[in-house]
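Architecture at a glance
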Amino acid sequence: QVQLVESGGGLVQAGGSLRLSCAASGRISSINAMGWYRQTPGKKRELVATITTDGSTDYADSVKGRFTISRDNANNMLYLQMNSLKPEDTAVYYCSAQLARVYLGDFWGQGTQVTVSS
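How each quantity is defined
Residues numbered from 1 in each chain as written. Predicted model: local features only at pLDDT ≥ 70, side-chain atom pairs only at ≥ 80, totals over all residues. Heavy atoms only, no water. Phe/Tyr/Trp six-rings, centres within 6.5 Å; stacked < 30°, edge-to-face > 60°. Lys NZ or Arg CZ within 6 Å of the ring centre and 35° of its normal. Salt bridge = Lys/Arg side-chain N within 4 Å of Asp/Glu carboxyl O. Buried < 20%, exposed > 50% of the residue type's maximum accessible area, 1.4 Å probe, protein only. Pairing = 2+ DSSP bridges. Helix = DSSP H or I, 4+ residues; strand = E, 2+ residues; numbered from the N terminus. Axes fitted to C-alpha atoms, helices over the stretch in contact; angles between N-to-C directions.

1. Observations concerning the packing of aromatic side chains
Within this structure, the stated rule accounts for 0 aromatic pairs. Positioned over the ring face of Tyr79 is Arg19, at 3.9 Å from the centre of the ring. Residue placement shows Arg45 over the ring face of Trp108; its charged tip is 4.4 Å from the ring centre.

And the structure:
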């Protein structure tokens with residue numbers, strides 16, 4: 001089993017920055033790609049960014065150029081550096097992992113709240 005625990009969320013002013021962390025534990029060897037999702041009230045969970053085991057990344061158009069996803073495989077950590085934050089970035093952010101026979105986005109942590117104020 002794999003456990004994912006997000007942290008780093010909070011309140012930030014528009015234009016500010018925030019760094020989210022995700023700690024993976026358990027059966028670490030089963031983790032392949034990882035990603036960050038976010039969800040706002042009344043909306044489906046949205047893919048924000050993904051990263052493969054070798055560091056290849058992809059971003060949603062809405063965050064490209066502002067967010068950076070990274071991972072530290074040695075320490076089983078996933079990060080999301082969020083810069084130039086906008087109020088529309090406000091959401092609960094979830095860490096997700098692709099596991100053996102489990103799609104990315106089907107397994108996630110508990111989430112961390114990010115609130116961006118004007």
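This is not the end of the story, as more comes after the structure.
2. Describing the pattern of salt bridges
Here the structure, examined in full by the defined rule, presents 3 salt bridges. Residues Glu46 and Arg38 are paired through a salt bridge, measuring 2.9 Å at the closest nitrogen-oxygen approach. Judged by relative accessible area, Glu46 falls into the partly exposed class, the value being 31%. Relative accessible area serves as the criterion here: at 7%, Arg38 is assigned to the buried category.

3. A closer look at the sheet that holds strand E9 (residues 91-97)
Spatially, 6 strands are ordered E2-E10-E9-E4-E5-E6 in an open sheet, and the strand pairing comes out mixed. The sheet terminates laterally at strand E2 (10-13) and strand E6 (57-59), the two strands that pair on one side only. Neighbour to neighbour, the strand axes of the sheet diverge by 25° on average, direction disregarded. Both E2 and strand E10 (residues 112-117) contribute to a ladder of 4 bridges, which runs parallel. Each residue of the ladder has a partner; that of Leu11, found in E10, is Thr115.

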